[in-house]
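Each chain, letter by letter, is given below.
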Amino acid sequence: MSEKVIRQQYDQVANLYDRRWSTYIAKTLSFLKTWAHISPEATVLDIGCGTGEFERLLLTENPQQMITGVDISEEMLLVAKQKCRAYPNVSFLTASASALPFANNSFDVIVSASTFHYFDDPETSLKEMRRVLKPDGKVVILDWCKDYLLCRICDFVLKFVDPAYKQCYTQREFHSLFTSAQFDIKCATKFRFGIIWGMMIATATPQTY
Ligand SMILES: C[S@@+](CC[C@H](N)C(=O)[O-])C[C@H]1O[C@@H](n2cnc3c(N)ncnc32)[C@H](O)[C@@H]1O
């Protein structure tokens, strides 16, 4: 149910999305890119890739980077495909985080930005990430952080007014979801930008024991 609502919502805003959220997108995705340290040889999966802004950013530095973006909104993906049309090494697919259409051990790096709070079943999504990630790969997830007062208020309000919204997490809850899906947190932080946005980011690797 909620994926259908999310899809409808993002299909409607796809053509405005980059302009409406330009400052937020620029700040979050440049932070993610710097934090993630993605090597030019890595195969990258971006979950909830939206309009392909993270792909555009990575490609400015590494035009040969192999990147796959997935999203449940066809209209967001159309914008992404148009933006990256000159790059045969980049592909976009319609898929949900909870059922990734890839073989086991397919990617070196999985990223996801500002999307985790939409997941109906974050544990299943993290298990899917673990399945398609190579054993020596890493997952980097950036999302809102409920440890910040304004995020807590947004979380409370959005649950009433936005049927697409699921929930955001405290950093402790976020890390324990990773642990349940058999990831180890390698590095993590939380930070604020602007007055509203309290964010957290974590890099995690598959547990080996
Ligand atoms: C706030 S946008 C973020 C887009 C992009 N990552 C960015 O930072 O600009 C959230 C995106 O996640 C997608 N999304 C939400 N739930 C999803 C799911 N379960 N699987 C895949 N994509 C999802 C939405 O369609 C939307 O494009």
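Scroll up to find the structure.
Now for a description of the structure that goes with this document. What you are looking at is a predicted structure, and each value in this text was computed from that prediction instead of being measured.

1. A word on helix α1 (residues 2-20)
Turning to step 1, where the next piece is worked out: Between its first and last C-alpha atoms α1 spans 23 Å; for 19 residues at 1.5 Å apiece the expected length is 27 Å, and the helix comes up short by more than 12%.
Turning to step 2, where the next piece is worked out: At Ala14, α1 shows its maximal bend, which comes to roughly 70 degrees.
Turning to step 3, where the next piece is worked out: Those residues of α1 lying buried are Ser2, Val5, Ile6, Tyr10, Ala14 and Tyr17.
Turning to step 4, where the next piece is worked out: Here the buried face of α1 lies against α2 (22-36) and α4 (74-83).

2. Focus on the environment of Glu55
Turning to step 1, where the next piece is worked out: Mapping Glu55 onto the fold places it in helix α3 (residues 53-61).
Turning to step 2, where the next piece is worked out: Residues Glu55 and Cys84, spaced 29 residues apart in sequence, show a C-alpha to C-alpha distance of 7.6 Å.
Turning to step 3, where the next piece is worked out: Ignoring anything within four residues of it in the chain, the contact list for Glu55 reads Asp46, Cys49, Ile67, Cys84, Val90 and Phe92.

3. Quick notes on the packing of α1 against α4
Turning to step 1, where the next piece is worked out: Two elements in contact, α1 and α4, have axes separated by 6 Å at closest approach and are oriented at 35 degrees. Side by side, α1 and α4 meet where Tyr10, Asp11, Ala14, Asn15, Tyr17 and Asp18 of the first sit next to Glu74, Glu75, Met76, Val79 and Lys83 of the second.
Turning to step 2, where the next piece is worked out: Here the residues of the contact of α1 with α4 are counted per class, giving five nonpolar, one polar and five charged.

4. Some thoughts on the pattern of salt bridges
A side chain with one charge can pair with a side chain of the opposite charge if their charged atoms come near.
Turning to step 1, where the next piece is worked out: One pass over the structure, following the stated rule, counts nine salt bridges.
Turning to step 2, where the next piece is worked out: Arg56 serves as the salt-bridge partner of Glu53, at 2.9 Å between the closest nitrogen and oxygen. Taken together, the positions of Glu53 and Arg56, both in helix α3 and three residues apart, correspond to about one turn of that helix.
Turning to step 3, where the next piece is worked out: The exposure class assigned to Glu53 is buried, which follows from its relative accessible area of 14%.
Turning to step 4, where the next piece is worked out: With relative accessibility at 36%, the residue Arg56 sits in the partly exposed group.

Parameters and conventions
- Residues numbered from 1 in each chain as written.
- Predicted model: local features only at pLDDT ≥ 70, side-chain atom pairs only at ≥ 80, totals over all residues.
- Heavy atoms only, no water.
- Helix = DSSP H or I, 4+ residues; strand = E, 2+ residues; numbered from the N terminus.
- Expected span 1.5 Å × (residues − 1).
- Bend = angle between axes of the 7 residues up to and from the residue.
- Buried < 20%, exposed > 50% of the residue type's maximum accessible area, 1.4 Å probe, protein only.
- Contact = heavy atoms within 4.5 Å.
- Axes fitted to C-alpha atoms, helices over the stretch in contact; angles between N-to-C directions.
- Nonpolar A, V, L, I, M, F, W, Y, C, P; charged D, E, K, R; others polar.
- Salt bridge = Lys/Arg side-chain N within 4 Å of Asp/Glu carboxyl O.

Worth remembering: the numbers are spatial, not functional.
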